[in-house]
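An overview of the molecular structure
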Amino acid sequence: MYAEVIVDIASSEVDRIFEYEASEDVYAGSMVSVPFGVKKIEGVVMRLKETCSFDPAKIKKISSVLEETPVLTAECLELVDFVKNRYHVPTAAALRLFLPAEMRKGRVKAKNVTFYRLNPSFSVTEITAKIPARATAQRGIIDILAQTEKCVSSELNEKFGNSAVRALLAKGYINAITERENRNPYVSLAASDKRLVLTPQQQAAVQSAEETEKRVTLLHGVTGSGKTEVYLNLIKNAVDSGKTAIMMVPEISLTPQMLSQLRARFGNAAAILHSGLSQGERYDEWWRLRSGEARIAIGARSAVFAPVENVGVIIIDEEHDGSYSSETAPRYNTAEIAAERAVKNGCKLVLGSATPSIDSFVKAMGGEYNLVNMPSRINKKPLPEIIISDMRLEIRRGNNTPFSSRLRSEIAECLSSGNQAIIFLNRRGYSQTVICQECGYVAKCDACDVSLTYHMDANVLKCHYCNATYKMLEACPECGGVHIRYGGTGTERVVKELSKLFPEAKILRMDNDTTRNKEGHFKILKEFSSKKADILVGTQMIAKGHDFPSVTLVGILDADMSLYFSDYRSRERTFQLLTQVSGRSGRADKQGKVVLQTYNPDNPVLQYAVRYDYDGFIREEAKLRKATGFPPFADIVRVMVVSEDDAKAVDVLRSLYAAISDIKSKNADKFIFFNKMKSPIKRMQNKFRYQVLMRVSAGQKELKNKIYETSLTFSTKDVSVYVEENPNNLT
Ligand code: ADP
Ligand code: ZN
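Residues numbered from 1 in each chain as written. Chains lettered and ligands numbered in written order. Predicted model: local features only at pLDDT ≥ 70, side-chain atom pairs only at ≥ 80, totals over all residues. Heavy atoms only, no water.

1. Considering the overall build of the protein
What the protein contains, in helices and strands, is 21 helices and 30 strands. Its C-alpha atoms put the protein at 95 × 75 × 65 Å along the principal axes. Evaluated residue by residue, the protein yields a buried proportion of 53% over its 731 residues. At a minimum sequence separation of 6, the contacts of the protein that also span at least 24 residues come to 75%. Split by element, the accessible area of the protein, about 32600 Å² in all, is 49% carbon and sulfur. (Helix = DSSP H or I, 4+ residues; strand = E, 2+ residues; numbered from the N terminus. Buried < 20%, exposed > 50% of the residue type's maximum accessible area, 1.4 Å probe, protein only. Contact = heavy atoms within 4.5 Å. Areas by Shrake-Rupley, 256 points an atom, 1.4 Å probe, with all protein chains shown as cover.)

Have a look at this one:
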């Protein structure tokens, strides 16, 4: 037998099949070690075949099989090809999505634990009779083992000494047994099983998603309409019929909440995959899924690559969320891959959201997706009232705190009635910028074209693009001035100001800075949900999905911040974010409220959000996008040219532009916009950034492939060129 192997080098130069001779324990999907040049290298067997394409005498043998079970299933091997062709990445890069780092290079191993037990061929009395009375250590060991089935080896070695243990092993009175032990994430997570009876609205949703002849169902349910329970029922039905399920949530912070409900119902059958776990945990959870011991995969977007077989349902919660498209290579779109898996498995894909993306909305309207609406909240209460605070008036009145007077009084009332509040601000750190008041100098990152954020906790300036830290300024490096101003409030400052106003209140902060430790999100959320704190201040990671019954007030600071990003999605994003955050309020038996602070109370997006008018908003937005030629009625293609060497980047940009111009001249009718320019952030991590930006009519698969193929040929050693389609972020 011969094996076609892809070696684990994700570069386009070695992106081809290498052939090796395979022994009998090699299968398609096996992870193997193969000779490669003078070294040995890891690879994955894509296919086996009877004959080889070269002189058999020259073909080398596979050195060893690294895992007994093939790591990739037949379906995943096909998906690797799909990802490779759809996103134009080397096969090895596509493979890595399916095999997280700890699966490769033998970085992590299974954890084995050795136990001792009495040799079952002897009785306790027989053994004791044969051990001399003065051998107290040996007798101690036998006493313990007589009372339990087995005992961890290290415990006995420590307590009674190695020599006593060795003597008993040598005489055959005790045996050593080795067992694999799984490293379990979130062991302290309480299983929360509410065993709810589905409302008619939920029942209808489950039924429609299962019975529709369409592949994809869009579940449009307002916040608090009980979408989770619909997902849990779909998963249950899949598992009951012997299949598996994949459940995705947009934020790592939401996985414990979901996991706790899954564990309550399905016990160990649920496994979790995300980057916040330890390597050992991830390795074990991955294998539990691969071996079939666990049948439900839950995680953020990477769970779409979960090694489960015979998938019965795939669910993407908060489907509109930007986190579902990967912004680093390989740049993939989770819903596209999920749809491909759904087709291969003959199962349904369910996309849920209170604010479906315009892409999904248009597909549902066009009849491609099955649309299910859940318009009422479980608690039968109206959605929380959204009160607008006009911050221009506040400033005129001399209020220079981050809170409007209305928000302050609402917080006071909320706390005095024993409820909890959430304050949302999408900016971490203390201040957004640090400015010299005398000369106007703004502290900037050396490596990026962006201003630095002050972090009071660590008393440093940080770059949020490359994570570089700088010493806080004592004086202005330009003019020596000592009057430094902090512009733009961040979460740290909000906490500080809040604790001045409400010294009694216990305040928690949740953002990228406070959740770096293992299970960091989980600890903060647990504290808040067990009511050990009164106010939770946070960035977008608190905006979505969370279900805290005692929260009756949500404060949104700077509601219009995201409106000014020069991005065609900013209106949609703002509407979605405002609806999501507002939805955290009044989810249980008490009516909720929202105070939304803005400098633009008349902005139409805010007006739609305040009325919870999703339909009105999305229809108008769709009209606008159609008229101006933006997605989903056209595709944005951005070819990035990035290099540390400015001149080389400009050279590549010029020739790339010429080459694409050539394509354009043959397809002029399909181009809506075409230009080359500096990227909005001109330099990042010491690299200069340029782009060729295009908009082409929707559905031009061949044209896009041509642009991909042409562009990628311009990559050089010093200049990297990559293509983005409808990117989330046009910075
Ligand atoms: P959504 O995801 O739609 O915002 P959730 O799924 O979090 O809403 O549900 C909101 C709340 O309603 C949760 O506390 C949940 O436990 C509760 N809930 C959901 N379904 C039911 C039901 N059938 N009966 C009673 N309570 C329910
Ligand atoms: Zn930087």
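2. As for the sheet that holds strand β26 (residues 593-598)
As summarised here, the arrangement of the six strands in space is β16-β26-β25-β17-β24-β23, forming an open sheet in which the pairing is parallel. Two strands bound the open sheet, and with one partner strand each, they are β16 (385-390) and β23 (507-510). Strand-to-strand twist across the sheet, computed as the mean angle between neighbouring axes with direction ignored, equals 20°. Taken together, the five bridges between strand β17 (residues 420-424) and strand β25 (residues 551-556) define a ladder with parallel strand orientation. Across the sheet, the residue bridging to Ile422 is Val554, located in β25. Strands in contact with helix α16 (residues 520-529) are β17, β23, β24 (535-538) and β25; relative to β23, the strand with the most contacts, it is inclined by about 150°. Contacting β16, β17, β25 and β26, helix α17 (residues 570-582) runs over the sheet at an angle of about 150° to β25. (Pairing = 2+ DSSP bridges. Axes fitted to C-alpha atoms, helices over the stretch in contact; angles between N-to-C directions.)

3. Overview of unusual backbone geometry
Note the cis peptide between Ala329 and Pro330, where omega equals -10°. Along the chain, the position of Pro330 falls in the loop between β13 (311-316) and α11 (334-345). Geometrically, the link from Pro631 to Pro632 is a cis peptide bond, its omega value of 5° lying close to zero. Unlike most non-glycine residues, Asn310 shows phi in positive territory, near 55°.

4. Concerning the pattern of salt bridges
For the structure shown, the criterion picks out 50 salt bridges. One salt bridge connects Arg288 with Glu285, and the closest N-O pair in it is separated by 3.0 Å. Taken together, the residues Arg288 and Glu285, both in helix α10 (residues 279-290) and three residues apart, mark about one turn of the helix. Like Glu285, Arg288 is buried. (Salt bridge = Lys/Arg side-chain N within 4 Å of Asp/Glu carboxyl O.)

5. Some words on the coordination of the zinc ion (ligand 2)
Coordination of the zinc ion (ligand 2) by the protein is provided by Cys445 (SG), Cys448 (SG), Cys463 (SG) and Cys466 (SG), with metal-donor distances spanning 2.3 to 2.4 Å. One can describe the site at the zinc ion (ligand 2) as tetrahedral: its four donor atoms subtend angles covering 106 to 112° at the metal. Site description for the zinc ion (ligand 2): donor spacing in sequence, C-x2-C-x14-C-x2-C. Separated by 18 residues along the polypeptide, Cys445 in the loop between β18 (431-436) and β19 (453-455) and Cys463 in the loop between β20 (460-462) and β21 (469-471) bring together distant segments of the chain. Take Cys445 and Cys463: they sit in the same class, and that class is buried. (Donors = N, O, S within 2.8 Å, 3.2 Å for Na, K, Ca; no water. Tetrahedral: all angles 85-135°; square planar, octahedral: opposite > 155°, others 65-115°.)

6. Some remarks on the sheet that holds strand β8 (residues 174-181)
Pairing is antiparallel across the open sheet formed by three strands, whose spatial order is β7-β6-β8. One side of each edge strand has no neighbouring strand; the edge strands of this open sheet are β7 (151-152) and β8. Contacts between helix α4 (residues 136-147) and the sheet are confined to β6 (111-118), β7 and β8, with β6 contributing the most and set at about 100° to the helix. Sitting on the sheet, helix α6 (residues 162-171) is in contact with β6 and β8, with an inclination near 105° to β8.

7. With respect to the nonpolar core
Ranked by size, the top nonpolar core spans 52 residues in total, and within it Leu72, Val83, Phe98 and Ile314 carry the most contacts. Two domains each provide a minimum of three residues to this core, namely domain 1 (2-99) and domain 3 (200-374). (Core = buried A, V, L, I, M, F, W, Y, C linked by side-chain atoms within 4.5 Å. Domains from an automatic or database assignment.)

8. Details of the layout of surface pockets
A water-sized probe rolled over the atoms picks out the places where empty space is left. Size it by volume and the second largest pocket reaches roughly 1100 Å³. Taken together, 43 residues line the second largest pocket, and the ones lying closest to its centre are Lys194, Gln257, Gln261, Gly545 and Asp547. Per element, the largest residue contribution to the lining of the second largest pocket is six residues, and it comes from helix α9 (residues 255-266). Both domains that meet at the lining of the second largest pocket, namely domain 3 (200-374) and domain 4 (385-428 + 491-624), each give it at least three residues. (1 Å grid on protein atoms, 1.4 Å probe; cavity = no way out; pocket = protein on both sides within 12 Å on 5 of 7 lines; lining within 4 Å. Points joined across faces, edges and corners; volume = space filled by probe spheres on them.)

9. So, the environment of Gly292
Checked against the element boundaries, Gly292 lands in the loop between α10 and β12 (296-299). Residue class for Gly292 comes out partly exposed when judged on its relative accessible area of 37%. Once the C-alpha coordinates of Gly292 and Pro307 are considered, the two residues, 15 residues apart in sequence, prove to be 9.0 Å apart.

10. Some points on the packing of aromatic side chains
Applying the stated criterion across every chain yields a total of 16 aromatic pairs. Taken together through their ring pairs, the aromatic side chains of Phe361, Phe575, Tyr608, Tyr614 and Phe617 make up a single cluster. In this structure, Arg331 packs its charged tip against the face of Tyr722, placed 3.8 Å from the ring centre. (Phe/Tyr/Trp six-rings, centres within 6.5 Å; stacked < 30°, edge-to-face > 60°. Lys NZ or Arg CZ within 6 Å of the ring centre and 35° of its normal.)

11. Observations concerning the pairing of strand β10 (residues 244-248)
Burial analysis of β10 places five of its five residues in the buried class, which makes it a mostly covered element. Every second residue of β10 is oriented toward a common face, with Thr244, Ile246 and Met248 on one face and Ala245 and Met247 on the other, all of them buried. Pairing analysis gives five bridges linking β10 to β13, with the strands arranged parallel. Counted as the bridge partner of Met248 is Ile316 from β13. The pairing of β10 with β12 spans four bridges and is parallel. In the strand pairing of β12, Met248 is matched with Gly299.

12. Some points on the domain arrangement of the protein
Quoted interface sizes are often the accessible area lost when the parts come together. Domain annotation of the protein identifies domain 1 (2-99), domain 2 (112-180), domain 3 (200-374), domain 4 (385-428 + 491-624), domain 5 (429-489) and domain 6 (634-725). Relative placement of domain 3 and domain 5: their C-alpha centres are 42 Å apart.

13. A closer look at the site of ligand 1
The full set close to ligand 1 counts 17 residues, and Lys194, Val197, Gly224, Thr228 and Asp547 are the nearest of them. Contacts to ligand 1 include Gly224, whose backbone N or O atom sits 2.6 Å from an oxygen atom. Out of a free accessible area of 560 Å², ligand 1 has 82% covered by protein chains. In this structure the site holding ligand 1 corresponds to the second largest pocket. When residues of the shell around ligand 1 are assigned to their parent elements, the largest contribution, three residues, is made by helix α8 (residues 227-240). (Near = heavy atom within 4 Å. Polar contact = N/O pair within 3.5 Å; in protein donor to acceptor, adjacent residues only side chain to side chain. Sits in = over half its atoms within 2 Å of the grid points.)

14. Brief notes about α11
The first and last C-alpha atoms of α11 sit 16 Å apart over twelve residues, in line with the 16 Å expected at 1.5 Å per residue. Buried residues along α11 sit against α1 (74-87), β10, β13 and β14 (348-353). The opening residue of α11, the one whose side-chain oxygen lies 3.0 Å from the backbone nitrogen of Ala335, is Asn333. Trailing α11 by a residue or two, Gly346 shows a phi angle of about 60°, which is positive. (Expected span 1.5 Å × (residues − 1).)

15. Some details on the packing of α4 against helix α5 (residues 153-160)
Viewed as axis vectors pointing N to C, α4 and α5 meet at an angle of 145°, and their least axial separation amounts to 10 Å. Here the hand of the crossing between α4 and α5 comes out right-handed. Judged by residue contacts, Ala137, Gly140, Ile141, Ile144 and Leu145 of α4 engage Leu156, Lys159 and Phe160 from α5. Per-class residue counts for the contact of α4 with α5 are six nonpolar, one polar and one charged. (Left-handed = near helix turned anticlockwise from the far one by under 90°. Nonpolar A, V, L, I, M, F, W, Y, C, P; charged D, E, K, R; others polar.)

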